[in-house]
2 protein chains.
Amino acid sequence: MGKLRSDISISLDGFVAGPNQSEENPLGEGGERLHDWVVPLAAWRESHGYEGGEVNESARVVEEARENVGAALMGRNMFGPPSGGPWDDGQWTGWWGDDPPYHYPVFILTHHPRDPLEMEGGTTFHFVTDGIESALDQAREAAGAKDVTIWGGAQAVNQYLAAGLLDELELHVVPVLLGDGARLFDNLGDAEVKLEQVRAVEAPGVTHLRYRLVR
Amino acid sequence: MGKLRSDISISLDGFVAGPNQSEENPLGEGGERLHDWVVPLAAWRESHGYEGGEVNESARVVEEARENVGAALMGRNMFGPPSGGPWDDGQWTGWWGDDPPYHYPVFILTHHPRDPLEMEGGTTFHFVTDGIESALDQAREAAGAKDVTIWGGAQAVNQYLAAGLLDELELHVVPVLLGDGARLFDNLGDAEVKLEQVRAVEAPGVTHLRYRLVR
């Protein structure tokens with residue numbers, strides 16, 4: 001069985017999205033600055049169908065984060081639309097166009113059932129309504145020996161953290177203050193979450209901090 | 001004129017002290033874990049009058065933080081006692097015994113006037129009641145060409161951040177979640193604080209992130 005891991009861009013004041021997320025502004029006000037470090041990278045551009053781009057210390061980190069991943073988990077807000085409500089009109093297919101950059105099954109945590117959505121390029125969105133453990137079980141089965149990654153958002157990662165199910169967390173710490181928004185490490189309740197620092201990688205405009213969750 | 005800088009240990013969830021600070025627990029519940037990385041260091045032990053200790057990547061960071069400092073600023077809660085109230089009984093002289101590890105003038109931000117307190121070894125505590133800018137002016141004058149450092153706590157650093165007076169901030173990011181307590185980067189209001197990453201140093205049990213404040 002692979003690991004359950006997550007890597008996520010986070011502001012220096014602890015937010016993984018800014019306030020007032022909207023269809024125009026999926027990462028909230030100021031939240032797009034969380035990705036300033038990744039968008040210029042050749043590794044990111046390639047996975048989104050573009051050529052060229054920069055290669056720096058972040059490239060290795062991004063490649064490692066994408067390696068050996070067989071399935072993913074995703075919160076309902078990250079899948080969208082942020083206007084909320086059930087999606088029984090069947091129109092919304094995520095933020096990523098017809099060929100999302102995943103190329104494996106993605107399990108969406110939601111309260112609203114919906115048939116699986118098969119996209120181009122190997123990505124299928126599955127909608128799981130019976131809780132985070134069921135979603136993880138399904139993702140693990142789909143991933144086989146490979147790892148399962150949590151793409152976010154904050155609430156999804158926090159839930160798996162609080163449940164003691166996460167094995168590894170990599171934070172891309174961006175020198176930005178958002179002041180408000182979706183906070184990582186929030187609402188962990190009485191969960192005793194123990195972390196061990198694995199490594200730190202300094203790169204232009206970001207530092208990558210990797211932690212192992214200790215059981 | 002030197003810089004105004006601060007370096008402070010911070011939990012991964014953004015707290016520089018845990019909840020319920022008390023005389024028995026000056027860093028709040030769990031807060032002593034914020035210093036697990038520094039206490040074993042030879043550099044720390046020496047500045048507190050002990051011999052021996054470890055030398056690792058943190059040593060250089062601690063030495064640099066202490067170098068070229070001519071005066072310091074400190075919040076009233078960090079000076080103590082946490083029971084609060086005016087200190088007109090004149091008994092409380094800080095947490096650090098007769099010979100505090102500063103050896104330069106320290107300016108305490110407070111609403112309660114008190115005569116300066118001259119300690120052994122060159123540390124004098126001055127109590128400033130007319131605001132953070134006045135305290136900074138006095139500290140700069142005392143420091144001469146050297147830098148002024150803010151020792152904490154969160155509120156003091158946040159106030160200087162919000163006022164746009166800080167030049168450099170070094171965070172010692174510790175793999176600990178405190179869940180509650182004194183949060184850095186809180187109550188910055190409408191201040192637009194812009195940071196530029198200067199460097200990251202990975203060390204056992206901590207990563208040191210240095211930022212420059214951009215005007």
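What follows concerns the overall build of chain A. A tally of helices and strands in chain A yields five helices and eleven strands. In terms of overall size, chain A behaves like a compact globule, its C-alpha atoms giving a radius of gyration of 16 Å where 215 residues would be expected to give roughly 17 Å. Taking the intrachain contacts of chain A between residues at least 6 apart in sequence as the baseline, contacts between residues at least 24 apart amount to 65%.

That bond from Gly80(A) to Pro81(A) is cis: its omega, -5 degrees, falls within 30 degrees of zero. Examined against the element boundaries, Pro81(A) turns out to sit in the loop between α3 (76–79) and β4 (105–109). Omega for the bond connecting Gly152(B) with Gly153(B) falls within 30 degrees of zero, at 0 degrees, which places this linkage in the cis form. Here Gly153(B) lies in the loop between β7 (147–150) and α5 (154–162). A positive phi is found at Asn20(B), a non-glycine position, where the angle reads about 60 degrees. Exposure remark for Asn20(B): the 13 C-beta atoms within 10 Å place this residue in the partly exposed category.

Our next topic: the environment of Gln159(A). Looking at where Gln159(A) falls in the secondary structure, it is placed in helix α5 (residues 154–162). Taking the C-alpha atoms as reference points, Gln159(A) and Glu170(A), separated by eleven residues in sequence, lie 16 Å from one another.

We now examine the relation of the copies chain B and chain A. Rotating chain B by 180 degrees and moving it 0.0 Å along the rotation axis overlays it on chain A with an RMSD of 0.0 Å. Classification of the inter-copy transformation places it as that of a two-fold axis. Taking the C-alpha atom as reference, chain B places Gly14(B) closest to the rotation axis, 3.3 Å from it. When the interface residues of chain B are mapped onto chain A, 100% of them again fall at the interface, so both copies present the same face.

Take the sheet that holds strand β1 (residues 4–11) of chain B next. All names here are of chain B. Strand order in the open sheet formed by nine strands is β5-β6-β4-β3-β7-β1-β8-β11-β10, with mixed pairing between adjacent strands. The sheet terminates laterally at β5 (117–118) and β10 (194–203), the two strands that pair on one side only. Bridge count for β1 against β7 is three bridges, and the pairing is parallel. Within the sheet, the bridge partner assigned to Leu4 lies in β7 and is Val148.

The accessible area lost on association of the parts is a frequent measure of interface size. In this complex, chain B contributes 20 residues to the contact, which on the side of chain A involves 20 residues. Contributions of two or more residues to the side of chain B that touches chain A are made by β10 and β11 (206–214) of chain B. With six residues, the single largest contributor to the side of chain B that touches chain A is β10(B). Its residues placed into classes, the side of chain B that touches chain A shows eleven nonpolar, five polar and four charged.

A separate point is the pairing of β7(B). Residues and elements named next belong to chain B. Of the two faces of β7, the one carrying Asp147 and Thr149 and the one carrying Val148 and Ile150 are both buried. Sheet analysis places strand β3 (residues 69–75) next to β7, joined by four bridges and oriented parallel. Within β7, the position partnered with Leu73 by the bridge is Ile150.

Looking now at the sheet that holds strand β5 (residues 117–118) of chain A. All names here are of chain A. Strand order in this open sheet of nine strands is β5-β6-β4-β3-β7-β1-β8-β11-β10, and the pairing throughout is mixed. Of all strands in the sheet, those with a lone pairing partner are β5 and β10 (194–203), marking the two edges. Pairing analysis gives four bridges linking strand β3 (residues 69–75) to β4, with the strands arranged parallel. Each residue of the ladder has a partner; that of Leu73, found in β4, is Phe107. Taken strand by strand, helix α4 (residues 132–143) contacts β1 (4–11), β3, β4, β6 (124–128) and β7 (147–150), and its axis lies near 160 degrees from that of β3. Each of β1, β3, β4 and β7 is contacted by α5, which is oriented at about 110 degrees to β3, the strand it contacts most.

Let us now look at α4(A). Residue and element names in this part refer to chain A. Between its terminal C-alpha atoms α4 stretches 16 Å, which fits the 16 Å expected from twelve residues at 1.5 Å a residue. Those residues of α4 not exposed but buried are Ala135, Leu136, Ala139 and Ala143. For α4, the arc enclosing every buried residue in end-on projection is 100 degrees, short of the 170-degree limit, so these residues lie on one face. Contacts made by the buried residues of α4 are with β1, β3, β4, β6 and β7. Once α4 finishes, Gly144 follows within two positions and takes phi at roughly 60 degrees, a positive value.

The next thing to look at is helix α2 (residues 57–66) of chain A. The periodicity of an α-helix, 3.6 residues per turn, causes residues three or four places apart in sequence to face the same way. Residues and elements named next belong to chain A. Among the residues of α2, those classed as buried are Ser58, Val61, Val62 and Ala65. For α2, the angular spread of buried residues about the axis comes to 95 degrees, placing them on one side. Buried residues belonging to α2 abut β1, α1 (42–47), β8 (168–174), β10 and β11 (206–214). Two residues or fewer past α2, Asn68 is found with a positive phi of approximately 60 degrees.

Looking now at the pairing of β1(A). All names here are of chain A. In terms of burial, β1 is largely enclosed, as eight of its eight residues are buried. Residues Leu4, Ser6, Ile8 and Ile10 line one face of β1 and the alternating positions Arg5, Asp7, Ser9 and Ser11 line the opposite face, and both faces are buried. Relative to β8, β1 is paired through seven bridges, and the arrangement is parallel. What sits directly across from Ser11, in β8, is Val174.

Rules used in this analysis
Residues numbered from 1 in each chain as written. Chains lettered and ligands numbered in written order. Predicted model: local features only at pLDDT ≥ 70, side-chain atom pairs only at ≥ 80, totals over all residues. Helix = DSSP H or I, 4+ residues; strand = E, 2+ residues; numbered from the N terminus. Rg over C-alpha atoms; globule rule 2.2 N^0.38 Å. Contact = placed C-beta atoms within 7 Å. Buried ≥ 20, exposed ≤ 12 C-beta atoms within 10 Å, placed from the backbone. Least-squares fit on C-alpha atoms with pLDDT ≥ 70 in both. Pairing = 2+ DSSP bridges. Nonpolar A, V, L, I, M, F, W, Y, C, P; charged D, E, K, R; others polar. Axes fitted to C-alpha atoms, helices over the stretch in contact; angles between N-to-C directions. Expected span 1.5 Å × (residues − 1). Arc of directions from axis to C-beta.

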